[in-house]
Amino acid sequence: MEEGAKGKKTVFVGGIGEDVDESIIYEHFSTFGDIVEVQLPLAATNPTSDSEAKHRGFAFVTYASPADAQDAIDNMDLNELRGRVLKVNIARPMKLAVQPGAGNRAIWESEEWLKHYAKPLAQSGGVQGRNAQRGANKANDEEAGNLADADNDEAMDQ
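Residues numbered from 1 in each chain as written. Predicted model: local features only at pLDDT ≥ 70, side-chain atom pairs only at ≥ 80, totals over all residues. Heavy atoms only, no water.

In the nomenclature of an unreviewed UniProt entry, the protein corresponds to RRM domain-containing protein from the organism Paxillus rubicundulus Ve08.2h10.

Right, here's the structure in full:
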C-alpha cells in the first residue's frame, strides 16, 4: 500500500461507460469487501430535457476497511468493465477546496485579498504607472543632456 493511503477507504473508479449504473459498480466491487457507499456523480444536464440524467464517467466506492479498498485497487485497476478499461486508485480530495459561500469566484474578487495584496492604481505599476515613469525618465534624460551641453559650452569658452 502506498504511503499516506493506509487509512483511506474510498477508491476512485474512472473510465466507466454510459451503460454502467451504481448497481453494476456495486456488483463488481463488492467481491473485495463490504461496501458502505457507491457514488456515481451526475453530469450537468439541461433542466428542460426529460432525458435520463447521465453520469460523468467515474465513481467513488467507499469500503468498510482500508484493506478492502486496497484489494479493489489491486484487482480492478486496468481491468475491463463492459468493454471499457477502468482506472482504479485511492480517491483524493479536490486540490482547491472551495470556501463556504465563495462559489466559483476568483480569489482576487474577495475583499480580504484585495485589502492585503492590491496597491492603489498610482502605485500599481500598471500602464499609467509605466507611462508616468517613462515621462519622468525622459525628463531626467533631457535635463542631464542639457547639463552636458552646458558643460561642453563652458569648456569651449575657456
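### Quick notes on helix α2 (residues 66–76)
Residues Asp-68, Ala-69, Gln-70, Ala-72, Ile-73 and Met-76 constitute the buried set of α2. Taken together, the buried residues of α2 touch β1 (10–14), α1 (22–29), β3 (58–63) and β6 (87–90). At the exit of α2 stands Leu-78, carrying a positive phi of roughly 65°. (Buried < 20%, exposed > 50% of the residue type's maximum accessible area, 1.4 Å probe, protein only. Helix = DSSP H or I, 4+ residues; strand = E, 2+ residues; numbered from the N terminus. Contact = heavy atoms within 4.5 Å.)

### Notes on the pattern of salt bridges
Evaluation of the coordinates by the stated rule reveals 3 salt bridges. Between Lys-87 and Asp-77 there is a salt bridge, with its nearest N and O atoms 3.6 Å apart. Placement of Lys-87 in strand β6 and of Asp-77 in the loop between α2 and β4 (80–81) is noted, with a sequence separation of 10 residues between them. On the basis of relative accessibility, which here comes to 40%, the residue Lys-87 falls in the partly exposed class. Judged by its relative accessible area of 25%, Asp-77 falls in the partly exposed class. (Salt bridge = Lys/Arg side-chain N within 4 Å of Asp/Glu carboxyl O.)

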